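Residues per chain are reported as follows:
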There are 2 protein chains.
Amino acid sequence: MDEKEIKVMQKILNMNDRIAAELREELKEKGILYINLMSSPGSGKTTILEQTARNIEEKMFAIEGDIQTTLDAERLSRAGIEVFQINTGPFGGDCHLEAGWIKSALEECNPEDAKFLFVENIGNLVCPAEFDVGAHINTVVISVTEGEDKPLKYPLAFRNSQLCLISKLDLLPYLDVDIELLKDNIRQINPRIEILELSAKTGEGLSGWLAYLRERGGIE
Amino acid sequence: MDEKEIKVMQKILNMNDRIAAELREELKEKGILYINLMSSPGSGKTTILEQTARNIEEKMFAIEGDIQTTLDAERLSRAGIEVFQINTGPFGGDCHLEAGWIKSALEECNPEDAKFLFVENIGNLVCPAEFDVGAHINTVVISVTEGEDKPLKYPLAFRNSQLCLISKLDLLPYLDVDIELLKDNIRQINPRIEILELSAKTGEGLSGWLAYLRERGGIE
């Protein structure tokens, strides 16, 4: 890459960061808690949101990021969540969401009465962590099926998150995965991160996540 | 994006494609079968390679792509595979490998006597599919834990692969996943793709994968 290209990229990142900061402030003023969910494909983000919607009384709004399809948005809609779909496929199949897209989505939907805004980012443990989407709480979701070493191999998503949800706890008995080592590795990358374990399928640990949300929702 | 930036990107992609085509031809002439493994993090690529090494007599060479750590390279090395590690972390944490990096790795190692070259791409179901690394066989690995809908949501990796390995078969009894629907979705994206199912943990289905390799190794 020559110097010129790097300059262009920095300009884009600066603009993203500016929009992200505005979004963070705007939603705080409106009393909407904004949570960005990042993870590999298939770690259970959508199922967690479905279960959350079934257990939280306050209105949730979700922005669903996918390269293709509206499958996840349809699932969230069936679970009673008002949802806006961003498909990056027509725009080159972008591997992450950016703050400007969230801003545009919110301008179209204007979810004034929601208490929670969830962004389900593109399923990708690498790129979404590089782009601030303006969330109050960046959350990285990792399924126990993914193995203990992933925080070390994909550190940025863990470093840039305030919360880590360890998902699919119900599968732990069938795996050679040491969940304590997984947690040690997460804390090695980010000693200040909060870690919650759950299974959206069986409901195990769900109360901890719901309490986390209730404590923060509408307050910050 | 303005027109200028698009031009720069095309130039980089063209150069990547040129190097990829050269690599493909060069390795064919040397009788080395070159397989690129792409998948989400934690789908089992490394475990599949470990098991392959234990069951294939011919020499395997692997190039291990990770953002950070040499954990997987160490595992492959312990399984008797000669391995070269590419870490993209120091270069901005790139989310994919490119043909030029493989070329440089091969210039340093020169695995003339190998029959198989495996590239374990960065764990990412999105970006690696956008960059031809010059492999003879692009292989997408998807774990049954990831769900049936992933081929529809991340189509490019499936569209650009000749082979799909469905991994972690041993976990199927514990999941609400319909493997026939998963296969239908894979074929909907790519009707010509070959699909093999296996569990590197239990060895189920491994013989099909080994036969696939033996049939093609050193011949093409």
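Structural data are supplied above this passage.
Residues numbered from 1 in each chain as written. Chains lettered and ligands numbered in written order. Predicted model: local features only at pLDDT ≥ 70, side-chain atom pairs only at ≥ 80, totals over all residues. Heavy atoms only, no water.

1. Quick look at the interface of chain B and chain A
Basically, it comes down to this: Whether two residues touch is decided by their heavy atoms; if any such pair falls within 4.5 Å, the residues are in contact. Buried area is calculated as the accessible area (1.4 Å probe) missing from two parts once they are joined, with the contributions of both summed. Criterion for a salt bridge: a side-chain nitrogen of Lys or Arg within 4 Å of a carboxyl oxygen of Asp or Glu. Pairs of N or O atoms are called polar contacts if they sit within 3.5 Å, as long as, within protein, a hydrogen donor faces a hydrogen acceptor (for residues adjacent in sequence, only side-chain-to-side-chain pairs). In DSSP terms, a helix is any run of H or I states spanning at least four residues, a strand is any run of E spanning at least two, and both are numbered starting from the N terminus. Three residue categories are used. Nonpolar comprises Ala, Val, Leu, Ile, Met, Phe, Trp, Tyr, Cys and Pro, charged comprises Asp, Glu, Lys and Arg, and polar comprises the others, including Gly.
If you look at the interface, chain B gives 37 residues, while chain A gives 37 residues. The largest contributions to the chain B side of the interface with chain A come from P41(B), K153(B) and Y174(B), which together make up 20% of the buried area. Where K153(A) meets D72(B), a salt bridge forms, and the shortest distance between an N and an O atom there is 2.5 Å. Joining chain B to chain A, the criterion identifies ten residue pairs in polar contact (both at pLDDT 80 or more). Elements with a minimum of two residues in the side of chain B that touches chain A: α1 (3–29), α3 (71–78) and α5 (150–153) of chain B. Among the elements that line the side of chain B that touches chain A, the one with the most residues is α1(B), at four residues. Looking at the side of chain B that touches chain A residue by residue, the classes come out as 16 nonpolar, nine polar and twelve charged.

2. Comments concerning the pairing of strand β5 (residues 137–143) of chain B
Residues and elements named next belong to chain B. Just so we agree on the cut-off: For the exposure calls, accessible area comes from a 1.4 Å probe over protein chains only, and a residue counts as buried if that area is under 20% of its type's maximum, exposed if over 50%, partly exposed in between. Whether two strands pair comes down to DSSP finding at least two bridges between them.
With seven of its seven residues buried, β5 lies for the most part within the structure. Of the two faces of β5, the one lined by I137, T139, V141 and S143 and the one lined by N138, V140 and I142 are each fully buried. Bridge analysis of strand β1 (residues 33–39) against β5 gives five bridges, and the strand direction is parallel. In the strand pairing of β5, M38 is matched with V140. Pairing of β5 with strand β6 (residues 163–167), which is carried by five bridges, proceeds in the parallel orientation.

3. Quick notes on the pattern of salt bridges
In the structure shown here, the tally under the stated rule is 32 salt bridges over all chains. The shortest N-O distance in the salt bridge between E215(A) and R216(A) comes to 3.3 Å. Taking the relative accessible area as the measure of exposure, E215(A) reaches 51% and is therefore exposed. Residue classification places R216(A) among the buried residues on the basis of a relative accessible area of 19%. With its nearest N and O atoms 3.0 Å apart, the salt bridge here joins K59(B) to D113(B). Highlighted residues: K59(B) in the loop between α2 (45–55) and β2 (60–66) and D113(B) in the loop between α4 (99–109) and β4 (116–120), separated in sequence by 54 residues. On the basis of relative accessibility, which here comes to 52%, the residue D113(B) falls in the exposed class.

4. A closer look at the packing of aromatic side chains
Cut-off, in case you're wondering: Pairing of aromatic rings covers Phe, Tyr and Trp, the last through its six-membered ring, and needs centres within 6.5 Å; plane angles under 30 degrees mean stacked, over 60 mean edge-to-face, and all others mean tilted.
On inspection of all chains with the given rule, the structure shows seven aromatic pairs over all chains. Their ring planes at 25° and their centres at 6.2 Å tell us that F116(A) and F118(A) sit as a pair that is stacked. The exposure class assigned to F116(A) is buried, which follows from its relative accessible area of 2%. The class for F118(A) is buried, based on a relative accessible area of 0%. With centroids separated by 3.4 Å and ring planes inclined at 5°, the aromatic side chains of Y174(A) and Y174(B) adopt a geometry described as stacked. With Y174(A) in the loop between β6 (163–167) and α7 (179–189) and Y174(B) in the loop between β6 and α7 (179–189), the pair connects residues from two separate chains. Here Y174(A) falls in the partly exposed class, since its relative accessible area comes to 32%. Ring pairs connect the aromatic residues F116(A), F118(A), W209(A) and Y212(A), which therefore count as one cluster.

5. Some words on the sheet that holds β4(B)
Residue and element names in this part refer to chain B. Stated formally: Interaxial angle, 0 to 180 degrees, is taken between N-to-C directions of lines fitted to C-alpha atoms, where a helix line uses only the stretch in contact.
Across the sheet, seven strands lie side by side as β3-β2-β4-β1-β5-β6-β7; this open sheet has parallel pairing. Taken across any chain shown, the strands that pair with only one partner, and hence form the sheet edges, are β3 (82–87) and β7 (194–197). Sheet twist, expressed as the average angle between the axes of neighbouring strands with direction ignored, equals 20°. In this fold α4 packs onto β1, β2, β3 and β4, with an angle of close to 140° to the strand it touches most, β3.

6. Side note on the relation of the copies chain B and chain A
To keep things clear, this is the line we draw: In this comparison the copies share one frame, found by least squares on the C-alpha atoms of residues holding pLDDT of at least 70 in both.
Of the two same-sequence chains, chain B is brought onto chain A (RMSD 0.0 Å, axial shift 0.0 Å) by a rotation of 180°. Seen this way, the second copy is the image of the first under a two-fold rotation axis. Residue by residue, 100% of the interface of chain B is reproduced at the interface of chain A, so both copies engage with the same surface.

7. Considering empty space enclosed by the protein
What counts, and what does not: Cavities and pockets were defined on a 1 Å grid built from protein atoms only: a cavity is a group of points that admits a 1.4 Å probe but offers it no way out, a pocket is an open group of points flanked by protein on both sides within 12 Å along at least five of seven lines, and a lining residue is one with an atom within 4 Å of any such point. Grid points are joined across faces, edges and corners, and a volume is the space filled by probe spheres set on the points.
Taken as a whole, this structure holds one cavity of 30 Å³ or more when the rule is applied. Approximately 70 Å³ is the volume attributed to the largest cavity. A class-by-class count of the residues in the lining of the largest cavity yields two nonpolar, ten polar and four charged.

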